[in-house]
Amino acid sequence: MTTISIVPIAIIGLLGIGLYALLVVRNLIKVIVALQILVKGAMLAMVAAGSIAGKTEVGASMALTVIVADTIVAVVGLALAVQIRRHFGTLDVRAISTLRR
Amino acid sequence: MIQTLILLVICLPWLGALLVWWAGDSRPRLQHGLAVVFSAAAGVAAIALIPNTVGKEAARLPLPAGGVFGWFSFTPDGLGVFLTAVAAVIGCLAVVFSVDYMRGEAQLGRYYAFVLLFIGSMTGLVLTSNMLLMFVFWEMTALCSYALISFYNDDPKAVAGGMKALIITQVGGVGLLLGAILGFAYLGSLNVDDFLQRAHLLPTTALTVAAFGFLIAAAAKSAQFPFQTWLPDAMEAPTPCSALIHAATMVNAGVYLLARFYPAFENVPYWRLSVMVVGMLSALLAALMALAATDLKRVLAYSTVSQLGYMVYAVGAGGIFASQFHLLSHSVFKALLFLAAGAVIHGLGTRDMLQMGGLGKKMPVARAVFVIGAAALAGLPILNGFWSKELVLEAGLEHGPAWIYAVMLFVAGLTALYTFRCVWMVFYGAPRSTAHAHDAGGFMRAALYPLAFGTLTTWLLAGPFSQMLHDSLPQHSIHTESTGEVALVILTAPATYLALAVVGLGLLAWWQRERLALLSEPLQDVIGLARNSFGFEAINRGIVSGVQSWAENLRDVQTGLLNWNIVGILAGLITVLVIVALGA
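Keep in mind it's a predicted model, so treat the numbers as computed, not measured. Residue positions are given per chain, counted from 1 along the sequence in the order it is written. Chains carry letters from A onward and ligands carry numbers from 1 onward, assigned in written order. Whole-chain, interface and lining totals are the exception, using all residues; otherwise, since this is a predicted model, local features are given only for residues with pLDDT of at least 70 and side-chain atom pairs are given and counted only at 80 or more.

Caption draft 1: Examining the overall build of chain A more closely. Along chain A, the regular secondary structure elements total 3 helices and 0 strands. A helix here means a DSSP run of H or I that spans at least four residues, while a strand means a run of E at least two residues long, and both kinds are numbered starting from the N terminus. Secondary structure of chain A in N-to-C order comes out as α-α-α.

In structure tokens, the structure reads:
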């Protein structure tokens, strides 16, 4: 198996795992983990697209930007999870959906 | 020099706004002082700009703004400089008036900050020659008007009035943005002068869409038919703000926009006729509503809509000078009327004309200046409103259809009728309440006297004003006439005497109202319709409740469950992929 065919499989695999997990999990921590997996897939896709187009630096720099944004999302998400656990006493996303009342 | 003046006239009010806000509400004297000083400085800078309009190529103030949008340039041509002077000077007088009117009110910082921001935004709006920047300033004036109308934010009526003004003027903002984007798409430039010079290069459809987009923008901003409903509700604002919105800033922007872009659109089929009809309907309906209203400020608000209708009508007829001259007259006498009304309201504590009457003896100063303003509004010689209204009517007679002219003439009579009804109900007759009333204070007089003087004299500026517009607006083909020539033309035209006769009939109708009472039976239906604002409020309410019920139904989409949201995202992704796959 050459590298070039591993990459698409890895991208699709990471995206698929991430999306599937986001669809089914209900624990907020797991949601954040799933989001991380999903974004890693997208990042890999950017680097791969950059190298296919011959603009490695563009792909790499976009990936770097995503790393920064992604880290912030994870940090804020985890902080929210901590507060939600304290406030509601649970991490189940169904129990904390108070938008519709 | 000119660049500095432009920067000063825009940035001084903004700087003042920041400082007033920073001064804090615990130091009201400092806040009053700062506001007066900065608005007065802006007024002086605006007046200093007036002699600098000619030779405008050298006078551009470009700010680099990246490659895409071109230069954010400011061009002080006659139209812009004149409106800058109106905004800054009348704005300054409104601020001076506020020192008495707002004394002891809470949250002065918020009040003055928005007033000053408003003045600065308006000067920016009329001085810039970049359509994107124009849109930004346009929206800034909308925001300031919203904040000031809702100034008493514990009063639900004030908040509702502010929201209404914001939403309706947003509709207009979309029209302006549409026109600007179309211009950029086809000409590759956002510069106003480029647009005026090369508008004929646009395809007919695009030019028509842009022309009517700008008409919608102007109608929404200037409270013209069918958007006139927001202006009377804006009366919940503190009275100096009403003067600011009606005379110095806000509503003038729409007429300015039409006058500025007139050369680009004058050959668009039906555009000029539409502009004239919009002006006519606004003038007529608002005059009828003013006749039925019993709230002093609402009468003045309807009269603003009506007079703006005259200006829009003049632009449609090609009388750019007439429209701008009437704008100048109207700004002066309407600011005077509003501030005098503010003195009455402040002295009496109510806006209801049914509780006024016979106030003239208690408030001689307010009565004197209000009567001067009212006579100008009615178009009595030799006040400024007379000359400019005659110019508007003559432009309409010369270049517009006769039936619209006839309606406008009829409205001139109605104007005299409702103006004198208002004066009579407030200042003359038997007092209808025993409430204590005090006359205008020192700062109020300091604002009222210059405006009263201006109402008597600004028509003398007709000659220099037409010269200024002629010199700096080559594409508008404006004739220059000296003041004497303008006066001679008006005094020798038969139309003037026809108009005066109609105005006289209007006055006579009020004088003989008891005898005309027999006639008024069938008129009751019209008056009733006018009280209900001819159904426009009902249409507004219908739109609002429609949007609300639609949004209520849309709530079902918001499950609040994360997993369902992911399903939505996935569905969107698949849709995009399918479209890409089919398209490729």
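Still more ground to cover, so stick around.
Caption draft 2: Structural context of the overall build of chain B. When its secondary structure is counted, chain B shows 24 helices and 2 strands. Just to be clear, the radius of gyration here is over C-alpha atoms, and the globule rule we use is 2.2 Å times residues to the power 0.38. Whereas a compact globule of 584 residues would reach a radius of gyration of roughly 25 Å, chain B reaches 24 Å, a difference of no more than 12%. Reported as C-alpha extents along the three principal axes, the dimensions of chain B are approximately 80 × 55 × 55 Å. Taking all 584 residues of chain B together, the buried fraction comes to 54%. The contact criterion used is a C-beta to C-beta distance within 7 Å, with each C-beta placed from the backbone. Taking the intrachain contacts of chain B between residues at least 6 apart in sequence as the baseline, contacts between residues at least 24 apart amount to 81%. Neighbour density around each residue's C-beta defines its exposure: 20 or more other C-beta atoms within 10 Å make it buried, 12 or fewer make it exposed, and counts between make it partly exposed, where C-beta atoms are placed from the backbone.

Caption draft 3: Here's a closer look at the environment of Leu383(B). Residue and element names in this part refer to chain B. Its location among the elements puts Leu383 in the loop between helix 15 (364-378) and helix 16 (384-399). Between the alpha carbons of Leu383 and Val503 there is a distance of 14 Å; along the sequence they are 120 residues apart. If near-sequence neighbours (up to four positions away) are discounted, Leu383 is found in contact with Ala375, Ala376, Thr455 and Leu456.

Caption draft 4: Quick look at helix 1 (residues 2-23) of chain B. Residue and element names in this part refer to chain B. With 22 residues, helix 1 should cover 32 Å at 1.5 Å per step; its first-to-last C-alpha distance of 31 Å lies within 8% of that length. The sharpest bend along helix 1 measures roughly 35° and falls at Cys11, with the proline Pro13 sitting one to four residues further on. Buried within helix 1 we find Ile2, Leu5, Ile6, Val9, Ile10, Leu12, Pro13, Gly16, Ala17, Val20 and Ala23. Directly beyond the C-terminal end of helix 1, a positive phi value near 85° is found at Gly24. To estimate how far a helix should extend, the number of its residues minus one is multiplied by 1.5 Å. In this analysis the local bend is the angle between axes fitted, respectively, to the seven residues ending at and the seven residues starting at the residue.

Caption draft 5: Layout of the nonpolar core. Buried Ala, Val, Leu, Ile, Met, Phe, Trp, Tyr and Cys residues form a nonpolar core when they are connected through C-beta atoms within 7 Å. Val115(B), Ala335(B), Leu336(B), Leu339(B), Ala340(B) and Val344(B) are the most contacted members of the largest nonpolar core, which totals 214 residues. A total of 19 residues in this core trace back to one element, the largest contributor, which is helix 14 (residues 320-348) of chain B. The contacts of Leu339(B), once residues within four sequence positions are left out, are Phe97(B), Pro240(B), Ala243(B), Ala447(B), Leu448(B) and Leu451(B). One finds Val31(A), Ala34(A), Met43(A) and Ile566(B) within the second-largest nonpolar core, a separate group that totals 8 residues.

Caption draft 6: Seen up close, the packing of helix 2 (residues 28-52) of chain A against helix 3 (residues 56-88) of chain A. Residue and element names in this part refer to chain A. Direction vectors running N to C along helix 2 and helix 3 enclose 175°, while the axes themselves pass 8 Å from each other. Classified by the angle their axes make, helix 2 and helix 3 are roughly antiparallel. Residues of the contact of helix 2 with helix 3, tallied by class, amount to 18 nonpolar, 6 polar and 1 charged. Axes here mean lines fitted to C-alpha atoms, for a helix over just the part in contact, with angles spanning 0 to 180 degrees between N-to-C directions. Here the angle decides the label: under 35 degrees means roughly parallel, over 145 means roughly antiparallel, 65 to 115 means roughly perpendicular, and every other value means oblique. Put simply, Ala, Val, Leu, Ile, Met, Phe, Trp, Tyr, Cys and Pro go in the nonpolar bin, Asp, Glu, Lys and Arg in the charged bin, and everything else, Gly too, in the polar bin.

Caption draft 7: The environment of Ala88(B), seen in detail. Residues and elements named next belong to chain B. Mapped onto the secondary structure, Ala88 falls in helix 3 (residues 78-101). A sequence separation of 156 residues divides Ala88 from Leu244, and the C-alpha atoms of the two residues are 9.9 Å apart. If near-sequence neighbours (up to four positions away) are discounted, Ala88 is found in contact with Val9, Ala42, Gly43, Ala46, Ile119 and Thr123.

Caption draft 8: Local environment of unusual backbone geometry. Residues and elements named next belong to chain B. A cis amide bond links Phe225 with the next residue in sequence, Pro226, at an omega value of 0°. Within the secondary structure layout, Pro226 lies in the loop between helix 8 (204-221) and helix 9 (230-233). The phi torsion at Ala223 lies on the positive side, around 55°, for a residue other than glycine. Inspection of the secondary structure assignment puts Ala223 in the loop between helix 8 and helix 9. Residue classification places Ala223 among the buried residues on the basis of 29 C-beta atoms within 10 Å. Unlike most non-glycine residues, Tyr270 shows phi in positive territory, near 65°. Within the secondary structure, Tyr270 sits in the loop between helix 11 (251-265) and helix 12 (271-292).

Caption draft 9: Layout of the packing of helix 17 (residues 402-427) of chain B against helix 21 (residues 494-511) of chain B. Residue and element names in this part refer to chain B. Contact geometry for helix 17 and helix 21: axes closest at 7 Å, N-to-C directions at 35°. You can see that helix 17 and helix 21 cross each other, and the crossing is right-handed. Contact residues: Leu409, Ala412, Gly413, Leu414, Thr415, Ala416, Leu417, Phe420 and Arg421 in helix 17; Leu498, Ala499, Val502, Val503, Leu505, Gly506, Leu507, Ala509 and Trp510 in helix 21. It is the rotation of the near helix from the far one that decides the hand of a crossing: anticlockwise by less than a right angle makes it left-handed, clockwise makes it right-handed.

Caption draft 10: Inspection of the environment of Leu78(A) at higher detail. Here Leu78(A) is to be found in helix 3. As for Leu78(A) and Leu22(A), which are separated by 56 residues in sequence, their C-alpha atoms are 16 Å apart.

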